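# A closer look at the structure
Here are the chains, one letter per residue:
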Amino acid sequence: MIPARRADRRLGGNTVATIPAQRYDIKDIALAAEGRRLIEWAAQEMPVLGQIRERFARERPLAGQRLSACLHVTTETANLALTLQAGGAQLVLCASNPLSTTDAVAAALVQEHGMSVFAIKGEDSETYYRHIAAALEHRPTMTMDDGADLVAGLHKERTDLAAGVIGGTEETTTGVIRLQAMAAHGVLRFPIIAVNEAQTKHFFDNRYGTGQSTIDGIIRATNILLAGKVFVVCGYGWCGRGLAMRARGMGAQVVVTEVDPVKALEAVMDGYRVMPLSEAAKIGDIFVTVTGDINVIDRAHLEGMRSGAIMANSGHFNDEINLAALDGLAKSVRTIRRSLEEYALHDGRKLFVLAEGRLVNLAAADGHPAAVMDMSFANQALSAEYLVAHAGELERRVYPVPIELDREIARLKLAAMGIAIDSLTAEQEQYLSGWESGTR
């Protein structure tokens, strides 16, 4: 029997009725003590966010704001949520992926910090969208998104709320792409700051965070040895770069597939084999998608894979592997290990999928290390403060994180690491701002 677990990415699948007032929906409030310890452990690796939280508690820059956040409910996210709360925001938090919630963290935020949280690890599609609807019932003045499901839901189903929103932030490449498309089509109703585009986000979170946490998820789900395996990375953006680097470091033979000639050339110059996925499908042992697009691994690729091939996705949505096509090729599906499903095909081959094709680093592991999320979530917090300070001044489009915020976060991170750098002298600044001086 092929399990039916995919669903449309629509708010509740249909028009959502107003839900009754409810403070939270989590797995088990009794997990709160465990969650508190996990949050405290992550906080030790998040000194930049800690400094921002201290300032926010003094200055209360978010006072009076109702903030609805759709994020992965992890230990790191909890520290962001506490920072926003310290800044005065009235916060409601829901999950941005059905498998990315740490239930103990959700319990701690509710029990010990009085926060409204709607997130349960393993929630089905109906529950996932019901939780987004609950977050929108908060009638937000600000949004904070990871994949743009919250903002898309507001624009599709709760347009009555749009006029009251001063702006929002978006954490992911996938979400930024969606929001830029909304802006290009003239339907985006309030400004968004693309946190994903900050240098202190994608240089570190996407590269070092995704690289390490994706490998962690694959190993936890399979317990396989990567050394000697042919490891196919589908997409060579910042996430793909980090993943390829870490896989090579584990001894894998890395193959990169791309559609962008510049990125493909970069992968070649970085020392990787580059080829079409149709060719890589015939030789690969492990395939990981990190593109943000749909059906990257499609039916034709599945038909060409060797028996025993393992597929995982580290892009935001579970669309990058064509699971419907794989279901059509399979005569049976069974769970071998937690987060590992075996598809027995009619031709005798067996293909394996990790974490239902969802974010493997969060579904099968703990997500990015706190040290990199420290910078990503510092961008979220400071961008929220910026939106409040500039409410009414920004157009209805997607903005980059202001460079001064990016540099301040880098400065704080270096200081927390005990690292000092040089600064320009007055003479050097004058030289760089002029044009008269030339060859001497």
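Residues numbered from 1 in each chain as written. Predicted model: local features only at pLDDT ≥ 70, side-chain atom pairs only at ≥ 80, totals over all residues. Heavy atoms only, no water.

## Remarks on the environment of His 316
Formally: Elements are defined by DSSP. Helices are runs of H or I of four residues or more, strands are runs of E of two residues or more, and each kind is numbered from the N terminus. We call a residue buried when its accessible area falls under 20% of the maximum for its residue type, exposed when it is over 50%, and partly exposed in between, using a 1.4 Å probe and counting protein chains only. Whether two residues are in contact is decided by their heavy atoms, any of which lying within 4.5 Å being enough. For the purposes of these results, a polar contact is taken to be a pair of N or O atoms within 3.5 Å, where, inside protein, one atom must be able to donate a hydrogen and its partner to accept one; residues adjacent in sequence count only when each atom of the pair is a side-chain atom.
For His 316, the location among the structural elements is in the loop between β11 (310-313) and α13 (323-329). Note on His 316: relative accessible area 6%, which makes it buried. In sequence terms His 316 and Arg 396 are 80 residues apart; their C-alpha atoms lie 24 Å from each other. Once you skip the residues sitting within four places of it in the chain, His 316 turns out to touch His 72, Ser 96, Asn 97, Asp 146, Gly 147, Thr 172, Thr 174 and Leu 359. Polar contacts involving the side chain of His 316 include one to the main-chain carbonyl oxygen of Ser 96, which spans 3.4 Å. Side-chain polar atoms of His 316 contact the backbone oxygen of Asp 146, separated by 2.9 Å.

## Overview of the environment of Phe 204
Position of Phe 204 among the secondary structure elements: in helix α8 (residues 199-222). A relative accessible area of 31% means that Phe 204 is categorised as partly exposed. On a C-alpha basis, the gap between Phe 204 and Ala 30 in space is 35 Å, while along the polypeptide they are 174 residues apart.

## A short note on the packing of aromatic side chains
Put simply, the test is: Any two rings among Phe, Tyr and Trp, with Trp reduced to its six-membered ring, count as a pair given centres within 6.5 Å; such a pair is stacked if its planes are under 30 degrees apart, edge-to-face if over 60, and tilted if neither. The rule for a charge over a ring is simple: NZ of Lys or CZ of Arg within 6 Å of the ring centre, and within 35 degrees of the ring normal.
Within the structure shown, the criterion is met by 4 aromatic pairs. Judged by centre distance (5.9 Å) and plane angle (65°), the ring pair of Tyr 236 and Tyr 272 falls under edge-to-face. Note that Tyr 236 is positioned in the loop between β7 (230-234) and α9 (238-249) and Tyr 272 in the loop between α10 (261-269) and β9 (273-274), a separation of 36 residues in sequence. A relative accessible area of 2% places Tyr 236 in the buried class. Between Arg 241 and the ring centre of Trp 238, over which it is positioned, the NZ or CZ distance is 4.2 Å. Taking the ring centre of Tyr 399 as reference, the NZ or CZ of Arg 397 above it sits at 4.0 Å.

## Structural notes on a nonpolar patch on the surface
We count it as follows: The patch calculation keeps residues exceeding 30% relative accessible area without a salt bridge and links them within 9 Å when they carry like charges or within 5 Å when they are nonpolar (Val, Leu, Ile, Met, Phe, Trp, Tyr). Shrake-Rupley sampling with a 1.4 Å probe provides the accessible areas, and residues are treated as covered by the protein chains on show and by no other component. Salt bridges are defined by distance alone: a side-chain nitrogen of Lys or Arg within 4 Å of a carboxyl oxygen of Asp or Glu.
Judged by side-chain polarity, Leu 265, Val 268, Met 269 and Val 274 come together as a nonpolar surface patch covering roughly 380 Å² of accessible area. With 3 residues, the top contributor of residues to the nonpolar patch is α10. Tracing the sequence through the fold places Val 274 in strand β9.

## Re the side chain of Thr 210
Inspection of the secondary structure puts Thr 210 in helix α8. Filtering out sequence-adjacent residues up to four positions away, Thr 210 remains in contact with Asp 205, Cys 239, Ser 314 and His 368.

## Quick word on the packing of helix α3 (residues 75-86) against helix α4 (residues 103-113)
A pair of packed helices is captured by two measures, namely the crossing angle of their axes and the spacing between those axes. What counts is decided by this rule: Only the stretch in contact is used when fitting a helix axis, every axis being a line fitted to C-alpha atoms; angles between N-to-C directions are given from 0 to 180 degrees. An angle counts as roughly parallel when it lies under 35 degrees, as roughly antiparallel when it exceeds 145, as roughly perpendicular when it falls between 65 and 115, and as oblique in every other case. By convention the crossing between two helices is left-handed if the near helix lies anticlockwise of the far one by an angle smaller than a right angle, and right-handed if it lies clockwise.
Running from N to C, α3 and α4 cross one another at 25°; their axes reach a closest spacing of 10 Å. Here α4 runs roughly parallel to α3, going by the angle between their axes. Relative to α4, α3 is oriented so that their crossing is right-handed. Contacts between α3 and α4 involve Thr 75, Ala 78, Leu 82 and Gln 85 from the former and Val 105, Leu 109 and His 113 from the latter.

## Looking at the state of the cysteines
Threshold: Pairs of cysteine sulfur atoms within 2.5 Å are identified as disulfides in what follows.
Taken as a whole, this structure holds 0 disulfides when the rule is applied. Of the cysteine sulfurs around Cys 70, a residue in no disulfide, the closest is that of Cys 94, at 3.7 Å.

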